[in-house]
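Breakdown of the fold
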Amino acid sequence: MGLVTGACLAEMGNDVLCLDVDPRKIEILDNGGIPIHEPGLDVVVARNVAAGRLHFTTDVERAVAHGTIQFIAVGTPPDEDGSADLQYVLAAARNIGRLMTDYKVIVDKSTVPVGTADKVKAAVADELAKRGSDARFAVVSNPEFLKEGAAVDDFMRPDRIIVGAEDEQAILLMRALYAPFQRNHERLVVMDVRSAELTKYAANAMLATRISFMNELALLAEKMGADIEQVRQGIGSDVRIGTHFLYAGCGYGGSCFPKDVKALIKTAAGEGQHLKVLQAVEDANDAQKLVLVDKITRRFGQDLKGKHFALWGLAFKPNTDDMREATSRVVLKELFDRGATVTAYDPVAMDEAKRIFGDEPRLAYAANPNAALEGADALVIVTEWKEFRSPDFDRIKGTLKTPVIFDGRNLYNPELVKQTGLDYQSIGRA
């Protein structure tokens, strides 16, 4: 998110300096590389580096001196109790307070709990007081709404830009900064800081709720002989509901939904409120990640010793190499625990899988989807990459020892697959 923000702001003519405390990442960027997989980001970064508008550093003092607007875009990983860990946010705030010499607008871009802006303000004020500085500053909440895999496009063409602020000068500067991204109509919404902080969590919680709701309906549809894909089309045509985030599957993952749902539940508990619906959303998602394994064990039994599976997809969703909270990790662990071995293929996430699983002897990697099928008893599909959408079903049937596909993303027409002689087991379709 930080790199996308910096690159896209530079694209609009701003002079941007990106700071990271990890020298390895800065070295990659200085050498023309990109430390994450995000479609289109490499082109934007390269263009703006060449134009002299985008720079990278590990020098905190240089970064604080560089700009009036200071974006904090560090990670907020879940703590052991599910709450967001703010140590990196507050460390960044203290660095700004320790080194600033003139007016700064300090922007919380990270996803943070309600009340974080107050903590940032206190941290900066404390550092200023330590050195007797009367430098002015404002703290703004400007949550990001970027989808991994489409982050550049989301930033350049935002649905909305949320700015939580009370300082009039800060609001004026934020309006000027985002003006090039909303030339055809106003997308910037100014609100109080705490409302802006809650808006981010509320948005992700709502989307996660839609996914878990459809996944629970899918399980019911299977038992009742209905087709969740037809149900999806039926309810999605209602303009009050819409078509987005209604796809049943094998659970959501990634760096946002799981973490933010947990954090919002924890935040509410701190206020003495139990978010019953959101707790159910999380529980349903945890259970949904096991649905593919349940289908596999019903077909092959609980003891999978001697069984070998092809697995298509490791990333939590297409167009990213992010495997945080990915369903593939749950599926692989369950298969390994039952004695199975796996050959996996993913277009971009295999290096990340190797980092996570290390020298796991039960896991091999294939150069392409068809190579993963060799010697496999069945095919398991976890991520809906485009290159999986139109496979050669006859080849799949001829290669697998047992002609069965476990599809966690409902990629195919069941009748079409059935005609090829494959046993096709998807989600929510009898």
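Below is a summary of the structure that appears in this document.

About the cut-offs
- Residues numbered from 1 in each chain as written.
- Predicted model: local features only at pLDDT ≥ 70, side-chain atom pairs only at ≥ 80, totals over all residues.
- Heavy atoms only, no water.
- Axes fitted to C-alpha atoms, helices over the stretch in contact; angles between N-to-C directions.
- Helix = DSSP H or I, 4+ residues; strand = E, 2+ residues; numbered from the N terminus.
- Parallel < 35°, antiparallel > 145°, perpendicular 65-115°, else oblique.
- Left-handed = near helix turned anticlockwise from the far one by under 90°.
- Contact = heavy atoms within 4.5 Å.
- Pairing = 2+ DSSP bridges.
- Nonpolar A, V, L, I, M, F, W, Y, C, P; charged D, E, K, R; others polar.
- Expected span 1.5 Å × (residues − 1).
- Buried < 20%, exposed > 50% of the residue type's maximum accessible area, 1.4 Å probe, protein only.
- Arc of directions from axis to C-beta.
- Polar contact = N/O pair within 3.5 Å; in protein donor to acceptor, adjacent residues only side chain to side chain.

Where helix α9 (residues 193-224) meets helix α10 (residues 228-236), the closest approach of the two axes is 9 Å, and the angle between their N-to-C directions is 130°. Here α9 lies oblique to α10, going by the angle between them. In terms of crossing hand, the pair formed by α9 and α10 is right-handed. In this structure, α9 contributes Met214, Leu217, Ala218 and Ala221 to the contact, and α10 contributes Ile228, Arg232 and Ile235.

Turning our eyes to something else, we now look at the sheet that holds strand β10 (residues 363-365). Spatially, 6 strands are ordered β10-β9-β8-β11-β12-β13 in an open sheet, and the strand pairing comes out parallel. What marks the edges here is a single partner per strand, and that holds for β10 and β13 (423-425). Across the sheet, the mean angle from the axis of one strand to that of its neighbour is 20°, orientation sign disregarded. Across 3 bridges, the pairing between strand β11 (residues 378-381) and strand β12 (residues 404-407) is parallel. Along β12, the bridge assignment pairs Ile381 with Asp407. Sitting on the sheet, helix α13 (residues 291-300) touches β8 (308-312), β11, β12 and β13, and the angle it makes with β12 is about 160°.

Moving on to the packing of helix α11 (residues 257-270) against helix α12 (residues 276-288). Interhelical geometry of α11 versus α12 gives an angle of 145° and a closest axis separation of 10 Å. When the axes of α11 and α12 are compared, the crossing they make is left-handed. Touching Val261, Lys262, Leu264 and Ile265 of α11 are Leu278, Gln279 and Glu282, all from α12. Here the residues of the contact of α11 with α12 are counted per class, giving 4 nonpolar, 1 polar and 2 charged.

To continue, consider helix α6 (residues 116-130). Look at α6: 21 Å from first C-alpha to last across 15 residues, which is about the 21 Å you get at 1.5 Å a residue. Those residues of α6 that sit buried are Thr116, Ala117, Val120, Ala123, Val124, Glu127 and Leu128. The buried residues of α6 all sit within an arc of 135° when viewed along its axis, so they share a single face. Away from its buried face, by an angle of more than 90 degrees, α6 presents the exposed residues Ala129 and Lys130. Summarising the contacts, the buried residues of α6 are in contact with α5 (87-99), β4 (104-108), β5 (137-141) and α9. Immediately downstream of α6, the backbone of Gly132 shows phi near 65°, a positive value.

So, on to the side chain of Thr383. Note on placement: Thr383 falls in the loop between β11 and α17 (393-399). At 2.7 Å, the side chain of Thr383 forms a polar contact with the backbone oxygen of Ala315. Aside from chain neighbours lying at most four places away, what touches Thr383 is Trp312, Gly313, Leu314, Ala315, Lys317, Pro318, Asp346, Phe388 and Arg409.

All right, on to α11 then. Between the first and last C-alpha of α11 there are 20 Å, a value that for 14 residues agrees with the 20 Å anticipated at 1.5 Å per step. Those residues of α11 that fall on the buried side of the exposure criterion are Phe257, Pro258, Lys259, Asp260, Val261, Ala263, Leu264, Ile265 and Ala268. Buried residues along α11 sit in contact with α9 and α12. Residue Gly272 follows α11 closely and has a positive phi angle near 80°.

Function cannot be read off these values alone, since they describe shape.
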